[in-house]
Amino acid sequence: MTETLNVSASASTDPKPAPPGNDAKPAKGRSLWSDAWHDLRRNPLFVISAVLIVVLLVMVAFPSLFTSASPTVGDLTHHYQGKPNYSHFFAEDWFGYDTQGRSVWARMVYGARATVLVGVLVTLFVTILGGLVGLVAGYFGGWIDSVLSRITDIFQGIPFLLGAMVVLTTFTEGNVWVVITALLFLGWTQIARVARGSVITVKQSDYVHAAKSLGASTARIMFRHIVPNAVAPVIVVATTALGGYIAAEATLSYLGIGLAEPTVSWGVDVSAGKDGLRTAPHMLISPAIMVSLTVLAFIMLGDAVRNALDPKSR
Amino acid sequence: MSEKPQLTKQTESSYAAGEPILEVRDLVKHFPLTQGVLFKRQVGAVKAVDGISFDLYPGETLGIVGESGCGKSTVAKLLMNLEAPTSGTIRYKGEDITKLSGRALKAVRRNIQMVFQDPYTSLNPRMTVGDIIGEPFDIHPEVAPKGDRRAKVQELLDVVGLNPEYVNRYPHQFSGGQRQRIGIARGLALRPEIIVADEPVSALDVSVQAQVVNLMERLQDEFGLSYMFIAHDLSIVRHISDRVGVMYLGKMAEIGSDEEIYEHPTHPYTQALLSAVPVPDPEAEGRRERIVLEGDVPSPANPPSGCRFRTRCWKAEARCAEEVPLLAIPAPFEEAESGAAHPSACHFAEERAAVVAV
């Protein structure tokens, strides 16, 4: 009967939300990001990787804080007699000298710059390019999606190392920008696919329909509603991929087609160090440890971020 | 409350009273079924909505009921221009809105707004309540000058019974019922004349359902709104609606005033639907006769010929497979004064004594 629905009028007008703790000021609510931050601070994986990355970034910005030696000035009297002296912390001969008589420790410190620059910039550009392609393909769908997805497939089909070799050998100078371009050229497809899938999911939400029925423009729907809600998986993939790009730079430099002297880079040093593996293994192992630690730090960061942003893992 | 809500009542429109504000004629929506990845070819169509006509009058509530998959929500999306109809017309004050685009469409959207089913997915989790309710003003800046917006948003929160200080909170800090109020406030922001509510209370607790329905009724009186209320809960539809349409498999089976549909149903599907509603009185519950339909709803991709309901109907005869019954007042009741004289799409429409109304 109709009367059963006539709940008292007061009940319909003043239900207040359960006051969350201190209700004095309209508190800035806990968004997904603040929730994630809350989670991250408690995660030892994140803390370790964050400390490593901060040290690395300081190394990039102020290498002279870590060593007074120059990475490019060699004293040939040290050549091969300069075995590492592991008790001399932060000294010029902490990790010994290389074949040119240059301080290996200084080269480990200064090599961070090229490596991190490549890793961070490639990740940034890949996220922008791949994100835009994925956004356009996922949002508009239809033939636009078909064309963009097939182009993505074509790029995805190029073997990573082979493609990078082809690009890099056509440019003779091995500087940072050429390497970044090569990695961007081959790396954007992964992000584009993730972004497309994420956009397609978000596009079907009721709040997107609501914005459409209000008459919102395509740009508003894309950047106010879809991007903020679709960006989380992209960030996760990008953070994890960052370690991969650093490893790729080292690989390409090792193969002699990435960065080259006089650029100071870990990959270049690993490549140079392989010749003396039996007599002076420190020349190879020291920069290799830096690559491993950096890649590990970024992959751990990516893992921690994924766990924090993925509500299903809570 | 020291201040009264500043929203003024709907001004008397120049549109003549008694004329429908929304006229829907032969509305059809077929979703193509395709095969192939690159070169798609159509292998069939899901006939979600297959020729629906109805009118909505100013200030009235038209309820649409029907089971899941009968096309109710597709009708709502078509009315909101979120989907383009395959054919048919939707006239808002005489103007066909299905062909509009750009500025003209944006202008019409101001007058037709929607309240969504699931309050958990209809609010953007990354926006504050103030941004969500204020977004209509950003999109239609002519409605509210920039300086006024915050005040307007707080007014709207007050109108729907929420504390105006909650503007900086995020949707997940609210309960389902409160979220639905936020959704209603967003729908009201542009002062529309028509609100399409697609199962607005289905996702809520029963006690909260009543609050939201009461709120919607109060807002209707306050702002002179016309509602198109889609639901599958027959009691709520009866409570809020002036007229009710019953849908089955993309077609309207029966339409009439709430009394005509609930007290004098003539279509067998409506009778079966009503007989399934539980009655709170155990004695009456024991006495009444339930009509148990057999089989499942046929696939809308391959609906039965003739009458859509014939595969599950106990009255079906050869004629039902050949002739599509028209939605019209059945011949035996044309002259009758009784409540049975309302449109019903059945060749053998008749009243049935044992149906207990809700």
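For clarity, every value in this text was computed on a predicted model and none was experimentally measured.

Mapped onto the present numbering, the UniProt feature "transmembrane region" (unreviewed entry) falls at residues 45-66, 116-140, 160-186, 230-248 and 284-305 of chain A. Taken as a whole, residues 116-140 of chain A contains 100% helix and 0% strand, while its terminal C-alpha atoms sit 35 Å from one another.

Attention now moves to the packing of helix H6 (residues 160-170) of chain A against helix H7 (residues 176-203) of chain A. Helix-helix packing is characterised by the crossing angle of the two axes and by the distance between the axes. All names here are of chain A. Orientation of H6 relative to H7, taken along the N-to-C sense of each, is 140°, at an axis distance of 9 Å. Classified by the angle between their axes, H6 and H7 sit oblique to one another. The interaxial crossing formed by H6 with H7 has right-handed handedness. In contact with Phe160, Gly163, Ala164, Val167 and Leu168 of H6, H7 contributes Val178, Val179, Ala182, Leu183, Phe185, Leu186 and Gly187. When grouped by side-chain class, the residues that make up the contact of H6 with H7 number 10 nonpolar, two polar and no charged.

What follows covers the confidence of the model for chain A. Scored by pLDDT, chain A comes out at a mean of 80, with 86% of its residues at no less than 70. Low pLDDT, under 50, characterises residues 1-29 of chain A; the stretch is placed with 42 contacts to residues that sit more than four places away or in other chains.

Residues and elements named next belong to chain B. Strand order in this open sheet of four strands is E2-E1-E4-E5, and the pairing throughout is antiparallel. Of all the strands in the sheet, the pair left with one neighbour each is strand E2 (41-56) and strand E5 (95-96). For strand E4 (residues 87-92) and E5, the ladder comprises two bridges, and the chain directions are antiparallel. Paired with arginine 91 across the two strands is aspartate 96, which belongs to E5.

Residues and elements named next belong to chain A. Judged by side-chain polarity, Phe160, Leu161, Met165, Tyr254 and Leu255 come together as a nonpolar surface patch covering roughly 400 Å² of accessible area. At three residues, the largest contribution of residues to the nonpolar patch is made by H6. Examined against the element boundaries, leucine 255 turns out to sit in the loop between helix H9 (218-254) and helix H10 (266-273). You can call leucine 255 partly exposed: its relative accessible area is 41%.

On to the packing of aromatic side chains, then. For any pair of aromatic rings, geometry is given as the distance between the ring centres together with the angle between the planes. Residue and element names in this part refer to chain A. What the rule picks out here adds up to eight aromatic pairs over all chains. Summarising the aromatic geometry, the rings of phenylalanine 155 and phenylalanine 185 are spaced 5.1 Å apart at their centres and angled 85° between planes, so their arrangement reads as edge-to-face. A residue pair is termed long-range when its members are at least 10 positions apart, and phenylalanine 155 in helix H5 (residues 142-157) and phenylalanine 185 in helix H7 qualify at 30 residues. Feature note: the residues Phe155, Phe185 and Trp188 constitute an aromatic cluster, connected by ring pairs.

Take the nonpolar core next. One finds A:Ile226, B:Ile184, B:Leu188 and B:Leu219 to be the most contacted residues of the largest nonpolar core, which totals 71 residues. It is helix H6 (residues 206-223) of chain B that contributes the most residues to this core, seven residues altogether. Taken domain by domain, this core gets at least three of its residues from each of domain 1 (58-86 + 97-244) and domain 2 (264-333) of chain B. In this structure A:Ile226 touches A:Leu135, A:Tyr139, A:Val199, A:Val202, A:Lys203, A:Val208 and A:Ile221, once residues within four positions along its chain are discounted.

This paragraph deals with H10(A). Residue and element names in this part refer to chain A. Burial of H10 is extensive: seven of the eight residues sit out of reach of the surface. Taken as a whole, H10 has its buried residues at Trp266, Gly267, Val268, Asp269, Val270, Ser271 and Gly273. Those residues of H10 hidden inside the fold are in contact with helix H3 (44-61), helix H4 (104-140), H9 and helix H11 (282-309). The residue sitting at the N-terminus of H10 and contributing the capping side-chain oxygen is serine 265; that oxygen lies 3.1 Å from the backbone nitrogen of glycine 267.

Here the focus is the environment of B:Ile64. Residues and elements named next belong to chain B. With respect to the helices and strands, the residue isoleucine 64 is situated in strand E3 (residues 61-65). Overall, isoleucine 64 belongs to the buried group, its relative accessible area being 2%. Between the C-alpha atoms of isoleucine 64 and phenylalanine 229, which are 165 residues apart in sequence, the distance is 6.1 Å.

For the rest of this paragraph, the subject is the pairing of strand E1 (residues 22-35) of chain B. All names here are of chain B. Pairing of E1 with E4 involves five bridges; the strand directions are antiparallel. Its bridge partner lying in E4, arginine 25 is registered against threonine 89. Two strands pair when backbone bridges link them, and E1 and E2 are joined in this way by 12 bridges, in the antiparallel orientation. Residue leucine 22 lies in a different strand from E2, and its bridge partner there is leucine 56.

All names here are of chain B. Inspection of the secondary structure assignment puts leucine 22 in strand E1. On the basis of relative accessibility, which here comes to 1%, the residue leucine 22 falls in the buried class. Apart from the residues within four sequence positions on either side, leucine 22 is in contact with Phe54, Asp55, Leu56, Leu79, Ile90, Arg91, Tyr92, Ile112 and Ile194.

Turning to the domain arrangement of chain B, a few remarks are in order. Residue and element names in this part refer to chain B. You can read the domains of chain B as domain 1 (58-86 + 97-244) and domain 2 (264-333). Taken over C-alpha atoms, the centre of domain 1 sits 32 Å from the centre of domain 2. Overall, the association of domain 1 and domain 2 removes approximately 430 Å² of surface from exposure, summing both partners, and the carbon and sulfur fraction of that is 64%. When the buried area of domain 1 at its contact with domain 2 is split by residue, Gly66, Glu67 and Leu234 rank highest and sum to 81% of it. At the boundary of domain 1 with domain 2, the tally comes to one salt bridge. We note a salt bridge from arginine 312 to glutamate 67, for which the minimum N-O separation is 3.8 Å. Counting across the domain 1 and domain 2 interface gives one residue pair in polar contact (both at pLDDT 80 or more).

Residues and elements named next belong to chain B. With respect to the helices and strands, the residue threonine 270 is situated in helix H9 (residues 268-275). On the accessibility criterion, threonine 270 (1% relative accessible area) is buried. Apart from the residues within four sequence positions on either side, threonine 270 is in contact with Val246, Glu254, Ile261 and Pro265.

Procedures and definitions
Residues take numbers from 1 onward in each chain, read along the sequence in its written order. To read the labels, note that chains go from A and ligands from 1, taken in the order they are written. Restriction of local features to residues with pLDDT of at least 70 applies here, the model being predicted, together with a cutoff of 80 or more for giving and counting side-chain atom pairs; totals for whole chains, interfaces and linings are based on all residues. Neither water nor hydrogens contribute to the side-chain values; these are computed over all heavy atoms in the structure. UniProt positions are given in the numbering used here, feature names are shortened, and annotations may be inferred rather than shown by experiment. Secondary structure elements are defined from DSSP: runs of H or I of at least 4 residues count as helices, runs of E of at least 2 residues count as strands, and each element is numbered from the N terminus. Each axis is a line fitted through C-alpha atoms, taken for helices only over the stretch in contact, and angles between the N-to-C directions span 0 to 180 degrees. Throughout this description, any angle smaller than 35 degrees is read as roughly parallel, any larger than 145 degrees as roughly antiparallel, any in the 65 to 115 degree range as roughly perpendicular, and the remainder as oblique. For any helix crossing, the convention is left-handed if the near helix is rotated counterclockwise from the far helix by under a right angle, and right-handed if that rotation is clockwise. Should any heavy atoms of two residues lie within 4.5 Å, those residues are counted as being in contact. Three residue categories are used. Nonpolar comprises Ala, Val, Leu, Ile, Met, Phe, Trp, Tyr, Cys and Pro, charged comprises Asp, Glu, Lys and Arg, and polar comprises the others, including Gly. Values of pLDDT, the confidence the predictor places in each residue, fall between 0 and 100. Whether two strands pair comes down to DSSP finding at least two bridges between them. Residues qualify for a patch when their relative accessible area is over 30% and they have no salt bridge, like charges being joined within 9 Å and the nonpolar side chains of Val, Leu, Ile, Met, Phe, Trp and Tyr within 5 Å. Per-residue accessibility takes into account occlusion by the displayed protein chains alone, with areas from the Shrake-Rupley method and a 1.4 Å probe. Note on definitions: salt bridges are taken to be side-chain nitrogens of Lys or Arg within 4 Å of carboxyl oxygens of Asp or Glu. Three labels apply to residues, based on accessible area from a 1.4 Å probe with only protein chains included: buried if under 20% of the type maximum, exposed if over 50%, partly exposed otherwise in between. Geometry of aromatic contacts follows a simple scheme: Phe, Tyr and Trp rings, the Trp one being its six-membered ring, pair when their centres are within 6.5 Å, and the pair is stacked under 30 degrees between planes, edge-to-face over 60, tilted otherwise. Residue types Ala, Val, Leu, Ile, Met, Phe, Trp, Tyr and Cys, when buried and joined through side-chain atoms within 4.5 Å, form a set referred to as a nonpolar core. For the domains described, the bounds stem from an automatic or database domain assignment. For this analysis, a polar contact is any N or O atom pair within 3.5 Å, provided that within protein one partner can donate a hydrogen and the other can accept it, and provided that sequence-adjacent residues contribute only side-chain to side-chain pairs. A quick way to say it: buried area is the sum, across both parts, of accessible area lost when two parts are put together, with a 1.4 Å probe.

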